[in-house]
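The residues making up each chain are set out below.
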Amino acid sequence: MASASSANHILLSPPPSLPSLLPPPSTAKFPHISFPPRNYLSPSSLIRSQPHLPCFITNAAALNTAQSPNIVSLSKTTDPDHTTNTSKPTILVSEKLGEGGLDLLRSFADVECLYGMSPEQLCKEISRFDALIVRSGTKVSREVFQAANGRLKVVGRAGVGIDNVDLQAATELGCLVVNAPTANTIAAAEHAIALLASMARNVAQSDASVKSGKWQRTKYIGVSLVGKTLAIMGFGKVGSEVARRAKGLGMHVISHDPYAPADRARAIGVDLVSFDDAISTADFISLHMPLTPTTSKVFNDDTFAKMKKGARIINVARGGVIDEDALVRALESGVVSQAALDVFSEEPPPSDSKLLQLENVTLTPHLGASTKEAQLAPYVLLAEKLGRLAVQLVAGGDGIKAVKVVYRSARDPDDLDTRLLRAMIIKGIIEPISDSFVNLVNADFTAKQKGLRISEERVVVDSSPENPIDSIQVLISNTESKFASAESEHGNVSIEGRVKYGIPHLTRVGSYSVDVSLEGNLILCRQVDQPGMIGQVGNILGEQNYNVSFMSVGRTVKRTKAIMAIGVDEEPDKNTLKKIGEVSAIEEFVFLKL
């Protein structure tokens, strides 16, 4: 199934005299019944675990702190105007987030949503909060950090880029800044292609015309994309994904990016050229560059004058890279025939902006990342739950020393940033059996302290590239399992999962295929493959009023051995588990708490 793979080993050598990661062996009467130690996530541990927030991963500056054990803690807060500590952290959300994300935040913090604040209002309110969550519309300036009076510990940018946050001020005042640099890649690339095709065929304009009662076929004649030259300005993650899709449309793709490796561009079939060559030869120009002092208004009167007459521009990156007044002049003169914009210097654009009045301009309200699939949350949850399952399947002995994680994805290994997923797997393994708190910043450091060596492998498979991950497999080597069926043919404890319909699922245990939602708790049974087994176990649980949420049976050979995976909402008592173990056809089973 795999066409290519790559491995990345993180060498985390165990310190001398390291105690086992595992809890003491169970003294339960039935050795095949496992009761993992309870170590529920408290509000303080959750807030320390920044990857638990939807789609957040730290920027490079934050990652440098991974060598230090001093981790940001927001478990207790002090109002600067009072002396009373509160038990929950306080979070200010300044721009609209999905209800699912807000519900997660409310589960461990006091959340206040104040949308549409002016800079002055933000400065007035910020000293009451430990964390601030923004998107692209809120400017977190030095004045905001200073107004926080040292209370603000984390600023989370729910999206790509952090150009609306003063990083220097955050660093000076000890505030962590986190963002989601890869979660929206595919969504933004798809939106760029959507604008490209819509603009070329006048879709938005003709739609408005028909809805107004007109039928103007000759007015809205479009242009073909096949054979046209597309210049991608900025060949990063989004730009390279746009290039792949444009090649599929039959376009000739060139790119300008002074930092992009030529071999990576050639692998996609893209020629790297100079800035002037790109804009002077392209029929379509798609912008995917960050907003920096160098790129601010880089598309101006001089730039437009160098373009091929009649060029068309798409921007799903940053509004500030275009001088919008200059763009209006270029559109009115015919130097630029059309523009499709998802981002603006001021959002929303003022009502008197000429861009809103020109028919040859297609506008969308910053929708580049607005797809359900752009959210990484279910994969983050899958990674943590696989870690939690894996550690509960390990028996005694010397404990866990080596873990291998295999990511299967249709994406190129170089385009798959697994730091957040690796951190959550480490979190899932370590937190249930220790008092450590693990997040993206300290995950590798904590694993090293515990003597846990993590290796990663990325395998390219033939699946949908729109999904960041096809499946995640966790293998623990050199150890025994409490559930022998979880061991692979190579002797590793092996489990695998994937996200289906937005929900994490367990899809393989050892060599057995299963399909069970990772919600609530899980019972795994190895049994003789014979009729009536589902009914017997279901009756035992039903008689004791335990609700079964999911049930799946996987087998290797018909009428030999099978694994039954049962999702249950509550933890069954010992007597109920004992009855399951007494079913004659069940050879072993284990209860796993998620």
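Not measured: the values here are computed from a predicted model.

What counts, and where the lines are drawn
Residues numbered from 1 in each chain as written. Predicted model: local features only at pLDDT ≥ 70, side-chain atom pairs only at ≥ 80, totals over all residues. Heavy atoms only, no water. Buried < 20%, exposed > 50% of the residue type's maximum accessible area, 1.4 Å probe, protein only. Helix = DSSP H or I, 4+ residues; strand = E, 2+ residues; numbered from the N terminus. Contact = heavy atoms within 4.5 Å. Polar contact = N/O pair within 3.5 Å; in protein donor to acceptor, adjacent residues only side chain to side chain. Core = buried A, V, L, I, M, F, W, Y, C linked by side-chain atoms within 4.5 Å. Pairing = 2+ DSSP bridges. Phe/Tyr/Trp six-rings, centres within 6.5 Å; stacked < 30°, edge-to-face > 60°. Salt bridge = Lys/Arg side-chain N within 4 Å of Asp/Glu carboxyl O. Expected span 1.5 Å × (residues − 1).

Undergrad: What exactly am I supposed to notice about helix α13 (residues 324-333) here?
TA: Spacing of three or four residues puts side chains on the same side of an α-helix, whose turn is 3.6 residues. Every buried residue belonging to α13 is among Glu-324, Ala-326, Leu-327, Val-328, Ala-330 and Leu-331, and all of these are buried. Contacts made by the buried residues of α13 are with α12 (301-305), β14 (311-315), β15 (336-341) and β16 (361-363). For α13, the capping residue at the N-terminal end is Asp-323, with a side-chain oxygen 3.2 Å from the backbone nitrogen of Asp-325.

Undergrad: Teacher, can you tell me more about the nonpolar core here?
TA: Within soluble globular proteins, side chains that are nonpolar generally end up buried alongside one another. Counting 52 residues, the largest nonpolar core has Val-403, Ile-472, Leu-506 and Leu-524 as its most contacted members. No other element matches helix α14 (residues 377-393), which puts nine residues into this core. Filtering out sequence-adjacent residues up to four positions away, Ile-472 remains in contact with Tyr-379, Leu-382, Ala-383, Leu-386, Val-405, Val-406, Tyr-407, Leu-421, Ile-425, Ile-495, Glu-496 and Gly-497. Judged by nonpolar contacts, the second largest core, of 29 residues, contains Ile-285, Met-307, Val-336 and Val-361.

Undergrad: What should I look at first to understand the sheet that holds strand β13 (residues 284-287) in this one?
TA: Strands pair in a sheet through their backbones, by hydrogen bonds, and they do so in one of two ways: parallel or antiparallel. In space, the seven strands of this open sheet follow the order β12-β11-β10-β13-β14-β15-β16, with parallel pairing throughout. If you trace the sheet from one side to the other, it starts and ends with β12 (271-272) and β16, each paired once. In this sheet, β15 lies alongside β14 in parallel orientation, the contact comprising five bridges. Looking at the pairing, Arg-312 lines up with Gln-338 of β15.

Undergrad: What is the right way to look at the packing of aromatic side chains in this model?
TA: Here the distance between the centres and the angle between the planes together describe a pair of aromatic rings. Enumeration over the complete set of coordinates arrives at one aromatic pair. The interplanar angle of 45° and the centroid separation of 5.7 Å between the aromatic rings of Phe-275 and Phe-299 together place this pair among those described as tilted. Of the two residues, Phe-275 is situated in helix α11 (residues 275-281) and Phe-299 in the loop between β13 and α12; the sequence distance between them amounts to 24 residues. Using a relative accessible area of 18% as the deciding quantity, one classes Phe-275 as buried. The buried category is assigned to Phe-299, whose relative accessible area is 1%.

Undergrad: I'm lost on the pattern of salt bridges in this one. Help?
TA: Any two side chains of opposite charge can pair, given that their charged atoms come close. According to the stated counting rule, one finds 28 salt bridges in the structure shown. The shortest N-O distance in the salt bridge between Lys-308 and Asp-283 comes to 2.7 Å. Residue Lys-308 is located in the loop between α12 and β14, and its partner Asp-283 is located in the loop between α11 and β13; the two are separated by 25 residues in the primary sequence. Take Lys-308: its relative accessible area is 35%, and that puts it in the partly exposed class. Beyond isolated ion pairs, a larger network of salt bridges with shared partners links Glu-384, Arg-388, Lys-427 and Glu-431.

Undergrad: So what exactly am I meant to see when it comes to helix α9 (residues 237-248) here?
TA: Between its first and last C-alpha atoms α9 spans 17 Å; for 12 residues at 1.5 Å apiece the expected length is 16 Å, and the two agree. Of all the residues in α9, the buried ones are Val-238, Gly-239, Ser-240, Glu-241, Val-242, Ala-243, Arg-245 and Ala-246. Elements that come into contact with the buried residues of α9 comprise α7 (185-200), β10 (229-233), β11 (252-256), α10 (262-268) and β13.

All quantities given are derived from atomic positions and should not be read as evidence of function.
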